[in-house]
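Report on the structure
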Amino acid sequence: YLREMPAVLGEPDPMKTVQKMPGVQPGMSAFAGIYVQGGGAEENLMLLDGCPMYNAFHLMGLFSSFTPEAIKQITLYKGFFPAKYGGRTSSVIDIRTKEGNLSKVSGTVSVGMLNSRLHVEGPLYKDRTSFSFSVRGTNTSILKPFRFPYSYYFYDVTGKLTQRFGNSDRLYLSFVHGRDQFNYDLTENRLFYYEDEGGLEHSIPHVSKEQYDLKWGNTSASVRWNHRFGGHVFSDFAVSWSDYRMREFSFDSDYLYWDTPAGYTRQHANTSVISDLIASWDFEATLSSNQKLSFGLTHTRHAFSPEKDYSLRTAQRDESESKEVSFYSDKNIRMTGGETAAYLEDRFHSDSFNASVGLRAILFTTEGRSYPSLEPRVSAEYVILPGLSVKAAYSRVSQYVHLLASGEIAMPTDLWVPITAEIDPVFSTHYSTGLSYAWDDRWEVSLEAYFKKEENILEYKEGQLVFTTAADWEQTVEMGEGTSKGLELFVRKTAGKLTGMAAYTLSKTDRIFPDGTINYGNPFPFTYDRRHVLDCFVRYGFNDRISASASWCFYSGSMTTASWRPTFILGSDGEALEDVPYISGRNNFRLPPTHRLDVSVDFRKQRKHGERVWSLGLCNAYGARNPDWVVTDNSLTIASDGQI
């Protein structure tokens, strides 16, 4: 459905398609964030050819960093993960890029309202070596001649080489690089006029300059070697490197040019870097036609530099002689962690019964302390009748990194930090059971119930302003517990002129801090505790040339903390010192529901050297006004009789 689903600004996005799955929802309307079964945004592991992506979004989360034409396959695991995966507690999104066509050169060119894309693939040596290359970039460069003070652009480059050595060996080289940059640059030149005692007019030049620059992006590379030992054992050895970095720079100056300049200059820079070096070796042994054994070992070296801060201020005043006052600060926070994991999983399947039993063992070391963990995984499926099956699963997973978010949008200034000697890992225990039915090779229906309990989840302390800084961050958060339970229904039609799917989720997610540090120890709803989430998509093919599609969603409102009325702080003498907002509890207000209809029409025409496609779409077709923020006004009104 990736290329058929209506998209914001005509840009197809893999994450928008994943959002349509049951149990998955976006954070804010039309954004590409992922929240799975009551978990936070940081609880999803996004892998691109085995490399973790810490901030996989462009334009403050409006689009993901994955070029659609470069993607071969997307696999979503939610709740229950195979023992091969670990490090997150809500989901794993495993994305694999195309290996390239071994027989002929082919490609696509796409021009959209926001960006343009090019994808080329083909053989370097026929039937032996292939390549796949994609590049995507915004169209904002056409605005440069207009000299706006604001500018923004992003780009992605994705490449992959595949080499075959006979029938038993394959070598893959993958590379991904993407960047966003926002810039503001404004210089103003003015003249201040004054008259001296003799009435003569003089002018003083005044120059002010403001500059802000924000850059962020991912770079990753991997080398993967597949080898088959005979016909029964398959191995996958990989070395991967992933790097995410953000740089923020601001500068402003203001000077009056007398005989000597008078004014000030301020500049500030902040850098955040995450680097992971990963080595893994995975094996799969076929024990019989009904049984496979998987096992492997992974080691990840994490290097976190969540904050490298630099500030400089210079002031110059015109007195009897010039004076210069300077302030300088430099702060560098660096943390490291080692994560070693080994796993074993046995999978059995027959005509009526499938089962998977696995165990993952993890040792995470940081700041001289070790955190061991054992993670059992069990799932089973029994076929009751042809096409009808019942399934159940249990898993326990852990997470050793946290996200210090400054708001509800995926901001590049959000900081990832590892666990410390004071902050424990997050642990999640997940139970699920369900039914699935498929018939006529066209229809699929599934119904699943789940329950999840989490330990050591983080929330900002009461009265703590939500800001992003790594300095003493352990003192600004509290560790608590969370529960999530839900019922998920999924219906899909896969063949015929009319195809589509519908996903409905009924869920409830709470947080509680039993020590009373937040909300007086009482349970409160998670920010994205949306009781009802419904996503529908339909596509109708009129003929080989024209097709139309529509996507409609309905989400219950998310939760926010709002004050209902003002109150007073009283002094010791009983007099009111000041009026302040009264807040009854955390996440005490539910926003109105969100709903939106997107439609599109595709016109295809076969050309001599390929296919041409025109796509026309309309986002939010009936103009629904969907709220994402709340602004409160607690002003007092005093009547003529003195009553409030």
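This text gives an overview of the structure that appears in the document. These numbers were taken from a predicted model, which means no experiment stands behind them.

Each value, and the rule that gives it
- Residues numbered from 1 in each chain as written.
- Predicted model: local features only at pLDDT ≥ 70, side-chain atom pairs only at ≥ 80, totals over all residues.
- Heavy atoms only, no water.
- Pairing = 2+ DSSP bridges.
- Helix = DSSP H or I, 4+ residues; strand = E, 2+ residues; numbered from the N terminus.
- Patch = residues over 30% accessible without salt bridge, like charges linked within 9 Å, V, L, I, M, F, W, Y side chains within 5 Å.
- Areas by Shrake-Rupley, 256 points an atom, 1.4 Å probe, with all protein chains shown as cover.
- Salt bridge = Lys/Arg side-chain N within 4 Å of Asp/Glu carboxyl O.
- Lys, Arg positive; Asp, Glu negative; His and termini not counted.
- Charge placed at Lys NZ, Arg CZ, Asp CG, Glu CD.
- Buried < 20%, exposed > 50% of the residue type's maximum accessible area, 1.4 Å probe, protein only.
- Phe/Tyr/Trp six-rings, centres within 6.5 Å; stacked < 30°, edge-to-face > 60°.
- Lys NZ or Arg CZ within 6 Å of the ring centre and 35° of its normal.
- Contact = heavy atoms within 4.5 Å.
- Polar contact = N/O pair within 3.5 Å; in protein donor to acceptor, adjacent residues only side chain to side chain.

**Comments concerning the pairing of strand 26 (residues 477-493)**
As defined by bridge partners, strand 25 (residues 443-460) adjoins strand 26 across 17 bridges and the pair is classed as antiparallel. Within the sheet, the bridge partner assigned to E455 lies in strand 26 and is E481. One ladder, built from 13 bridges, connects strand 26 with strand 27 (residues 498-512); its direction is antiparallel. From the neighbouring strand, K493 faces strand 27, where its bridge partner is G500. Counting the residues between successive antiparallel strands, the hairpin from strand 26 to strand 27 contains four residues, one of them, G496, with a positive phi of roughly 105°.

**Describing a positive patch on the surface**
A contiguous patch of positive charge, built from R545, K605, R607 and R612, is present on the exposed surface. With respect to the element layout, K605 can be found in strand 35 (residues 594-607). On the basis of relative accessible area, K605 is assigned to the partly exposed category, the value being 35%.

**Considerations on the sheet that holds strand 4 (residues 51-52)**
Pairing in this open sheet of four strands is mixed, and the strands run 4-3-8-7 from one edge to the other. Two strands lie at the open edges of the sheet, namely strand 4 and strand 7 (71-78), each paired on one side alone. Direction of pairing for strand 3 (residues 44-48) relative to strand 4: antiparallel, over a ladder of two bridges. When the sheet's bridge partners are listed, L47 is paired in strand 4 with P52.

**A word on the packing of aromatic side chains**
Scanning all chains against the criterion turns up 19 aromatic pairs. Each ring, one from W439 and one from W443, has its centre 6.0 Å from the other, and the planes form 5°; the classification is stacked. A relative accessible area of 31% means that W443 is categorised as partly exposed. Geometrically, the ring pair formed by F526 and Y528 is edge-to-face, given 6.1 Å between the ring centres and 70° between the ring planes. On the accessibility criterion, Y528 (4% relative accessible area) is buried. Among the aromatic side chains, those forming a connected cluster through ring pairs are Y150, F182, Y184 and Y212. Between the NZ or CZ atom of R511 and the centre of the ring of F526, over which it lies, the distance is 4.3 Å.

**Overview of the side chain of E448**
Tracing the backbone shows E448 in strand 25. The contacts of E448, once residues within four sequence positions are left out, are K391, S432, T433, G434, G486, L487 and E488.

**Description of a nonpolar patch on the surface**
On the surface, W225, F237, V239, W241, L277 and W281 cluster together into a nonpolar patch covering about 530 Å² of accessible area. Among the elements that make up the nonpolar patch, the one with the highest residue count is strand 15 (residues 233-257) (three residues). Here V239 shows up in strand 15. For V239, a relative accessible area of 36% translates into the label partly exposed.

**Some thoughts on the pattern of salt bridges**
Per the counting criterion, the structure on display carries 25 salt bridges. Ionic pairing is found between D510 and K508, a salt bridge with its closest N-O pair at 3.6 Å. Each of K72, E99 and R170 takes part in salt bridges that share partners, so that together they form one network.

**As for the environment of R334**
Note that R334 resides in strand 18 (residues 323-349). For the pair R334 and P306, spaced 28 residues apart in sequence, the C-alpha to C-alpha distance is 6.8 Å. With residues up to four places along the chain from it excluded, the contact list for R334 reads A303, F304 and S305. In terms of polar contacts, R334 uses its side chain to reach the side chain of S305, at 3.4 Å.

**Description of unusual backbone geometry**
Unlike most non-glycine residues, Y520 shows phi in positive territory, near 60°. In this fold, Y520 is placed in the loop between strand 27 and strand 28 (524-525).

**Focus: the side chain of S356**
In this structure, S356 sits in strand 19 (residues 353-366). In terms of polar contacts, S356 uses its side chain to reach the side chain of E345, at 2.9 Å. Excluding residues that lie within four positions of it along the chain, S356 makes contacts with F80, E345, D346, R347, R377, V378 and S379.

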